[in-house]
Every structure is written in C-alpha cells, then in structure tokens.
Amino acid sequence: MSSNIEKNSGTHRWQGRDDTASEGPKAQRWHQQIAPYSTDLANTAAGNVLIGFCCDEGVRRNGGRIGAVAGPDGCRSALANLAWHASRPIYDAGDVHCDGEQLEAAQTLLAAQIAELLTHGHRPLVIGGGHEVAWGTWQGIAAAVGGGNTTATPQQQRVGIINIDAHFDLRQSTPASSGTPFAQIARDCAARHLPFDYLCLGVSALSNTKALFETAQQTGTQWLLDDEFVASNRSVVESCVTMFLDQVDAVYLTICLDAFHVSVAPGVSAPATRGVEVAMAEWLIDLICARDQLMVAEVAELNPRFDQDSRTAKLAARLLARCADAARPGMS
C-alpha cells in the first residue's frame, strides 16, 4: 500500500446556494468560483490553490484522537457557501492521501505539490490532516525557494514560520508524528545552513513540558503564551510579530485549530480549555497580508468526527478565506 495524490478530487463536492438568478453575477459564492488546478500555464492565472492532506497517521503516532483524515472534505464543505469577495482566482488541486502508515511517503508527495504550486506563482492553501502536514509543506517550500540546494544562497528568500498553536510541536521522539514537525524543520534548516525562524503564538504552558520549553530555547524559537496573545495585549503582540516579520522575506503561516477555545473548535485532536481569540488570528492574517509576505497558509487538526454543528470546519474555512483575501467586502 502506498500514498497517492487524488488530483482535483474536491471539485465534484463544490455545491451550494445560487443567488445569481435573482441578484446577478456579483452574488457568487466560493463553489461558483472554484476551478480545477491545471499545470497548463497558458490557461492558469496565478491565484490561491487549495490542496488537502488526508492523513491520520501523525496524530495516531502522537496518541491523539484520529479523524483528521476527513478534514479537507469538511473544510471544503464549509468554504463552498461562503460569499466570494476575492480578486485572485481560486483553484482546487485535490488531495494527497496517506495510505495506512505511509506518512513519510505522503509528506514527500505533498512537498512535490507545494513546490510545483510555488514555482508556478501560486499561493498554496493547505488543509490538514494532523499537524504532521507541516513537515511536508516545509519540504515543498524549501525545494521551491532553494531550488533543491542543500545550502543557502545570497538570492534565497528567508522564509519565517508563524504557527498559531497551543503546542510547540518540537518533540524529539521517533517515529515522526504530529508532535515533531518543527523539530524536523529545525534540523533541516541546520543541515541547509539556514536560520530557523519560528514564532509560535498561543502556546499553552500546561500543555508543554519543561523539556519542550528547553527545546524551544535551544532552537531559537520565539513564542507568546495563550494569555499573552490577546487583544488586551495588542501593543506587545504587534511589536513581537512586527520584529519577526522584519527579519524575514516571506511567511509560512500554519494554524493548528486546537489553539482555539473548545467552544469554537471542538473538532480537533486536543481541545483547548482556554484558547486564543479568533479575532487575534484574523488580525495576524491581515497584518501579514498587508505586508505582502504570505507565501503559504495552512490549517491543521480539523477533525470532523468530533465537530459540533461544523463549528471547527467553519472556523477553518473563515481563516483560509481571509488568507485568500476573500473576506474583504468591496473587493473587485
């Protein structure tokens, strides 16, 4: 059994309300704008491209609640009926499937897809799956930015990682899991002689051991705790984030849905009792996009099996729509 790519698997699932007959062409929704992704550059204008990572294996290895394999489908369903406001095209590149325990093979396939999209000038919008998706996404970014080089070059973009997450995901355990991706990325950066620019926002002190905080310090990770990444502390947060953005050329934004309170994100592997504010996540997205630094955006840990009223799927869709500049009324 091997992992595989199901090209454009999501296009047949894009269905929703149609108001265009009564309200005209400006009444369109996501399901009316989505198109299959094609590598035919003559017919594919640069835009945002959805790609799913259907995988439970990383969460299983990490001892979490499985069910994230259905995350991409759940997110697409929530995106379908959202009102369309974006100026850039939106495409669906289908799903990468992890068959059985073949996590590493699936991550390699995802990396190839991400590299292809970036090389063709698109912005990937990745839907997990567990947070093991991040290792695959990063490998694709590194391949596209570095051209496969194992060492940094003067022309190479410096890509910073911003992770909204209750967990550092810096575990040193083997085999790799949903708890290890940023430790893997740190090692990869060291091997490539690249800086490891990693900012984790919303860290729960009670969900990360002293060992993980020590690893964060040793790897040069920057972070804000969940009780620091709040609107009432906006000036401090903005100073921290702005300094981070100033030192990088582009941003890989990955959002673990277990960072949000269980009331808005019950459908995750490890629900949060405190959680970060949705408004702070949206503020962060706006800040990155305003500086034109968003290279790749990603949501992880969407687990429809434990979702209630599709709350978590709707949150994931809202965040991805904002990353796609699709939640700004008045855009043409």
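Placed above this text is the structure.
The paragraphs below set out a description of the structure included in this document. (Residues numbered from 1 in each chain as written. Predicted model: local features only at pLDDT ≥ 70, side-chain atom pairs only at ≥ 80, totals over all residues. Heavy atoms only, no water.)

### Let's talk about the layout of surface pockets
Taken as a whole, the largest pocket encloses approximately 240 Å³ of empty space. Lining the largest pocket are 21 residues, and of these Asn 62, His 167, Asp 169, Ser 178 and Asp 258 lie nearest its centre. Residue composition of the lining of the largest pocket, by class: 6 nonpolar, 10 polar and 5 charged. (1 Å grid on protein atoms, 1.4 Å probe; cavity = no way out; pocket = protein on both sides within 12 Å on 5 of 7 lines; lining within 4 Å. Points joined across faces, edges and corners; volume = space filled by probe spheres on them. Nonpolar A, V, L, I, M, F, W, Y, C, P; charged D, E, K, R; others polar.)

### As for the pairing of strand 10 (residues 294–300)
For strand 10, the buried fraction is high: 7 of the 7 residues fall into the buried class. Pairing of strand 5 (residues 123–128) with strand 10, which is carried by 3 bridges, proceeds in the parallel orientation. Looking across to strand 10, one finds that Leu 125 is bridged to Ala 297. With 6 bridges joining them, strand 9 (residues 250–256) and strand 10 adopt parallel strand pairing. Among the inter-strand pairings, Ile 255 is bridged to a residue of strand 10, identified as Val 299. Note that the unit made of strand 9, helix 10 (residues 278–290) and strand 10 has a crossover that is right-handed. (Buried < 20%, exposed > 50% of the residue type's maximum accessible area, 1.4 Å probe, protein only. Helix = DSSP H or I, 4+ residues; strand = E, 2+ residues; numbered from the N terminus. Pairing = 2+ DSSP bridges. Right-handed = clockwise from strand over helix to strand, strands pointing away.)

### Concerning the nonpolar core
Among the nonpolar cores identified, the biggest contains 55 residues, and Trp 30, Leu 50, Ile 162, Val 241, Leu 253, Phe 260 and Leu 284 are the most heavily contacted of them. Among all residues touching Ile 162, those that are not within four sequence positions of it are Leu 199, Leu 201, Phe 244, Leu 245, Val 251, Tyr 252, Leu 253, Thr 254, Leu 284 and Ile 288. Among the nonpolar cores identified, the runner-up in size contains 43 residues, and Ile 51, Leu 117, Trp 135 and Trp 138 belong to it. (Core = buried A, V, L, I, M, F, W, Y, C linked by side-chain atoms within 4.5 Å. Contact = heavy atoms within 4.5 Å.)

### Regarding the packing of helix 10 against helix 11 (residues 311–323)
Packing of helix 10 against helix 11 leaves a shortest axis separation of 9 Å and a crossing angle of 20 degrees. Between helix 10 and helix 11, the angle is such that the two are roughly parallel. Helix 11 is crossed by helix 10, and the crossing has right-handed handedness. Of the residues in helix 11, those in contact with Val 278, Ala 281, Glu 282, Ile 285, Asp 286 and Cys 289 of helix 10 are Leu 315, Arg 318, Leu 319, Arg 322 and Cys 323. For the contact of helix 10 with helix 11, a count of residues per class yields 7 nonpolar, no polar and 4 charged. (Axes fitted to C-alpha atoms, helices over the stretch in contact; angles between N-to-C directions. Parallel < 35°, antiparallel > 145°, perpendicular 65-115°, else oblique. Left-handed = near helix turned anticlockwise from the far one by under 90°.)

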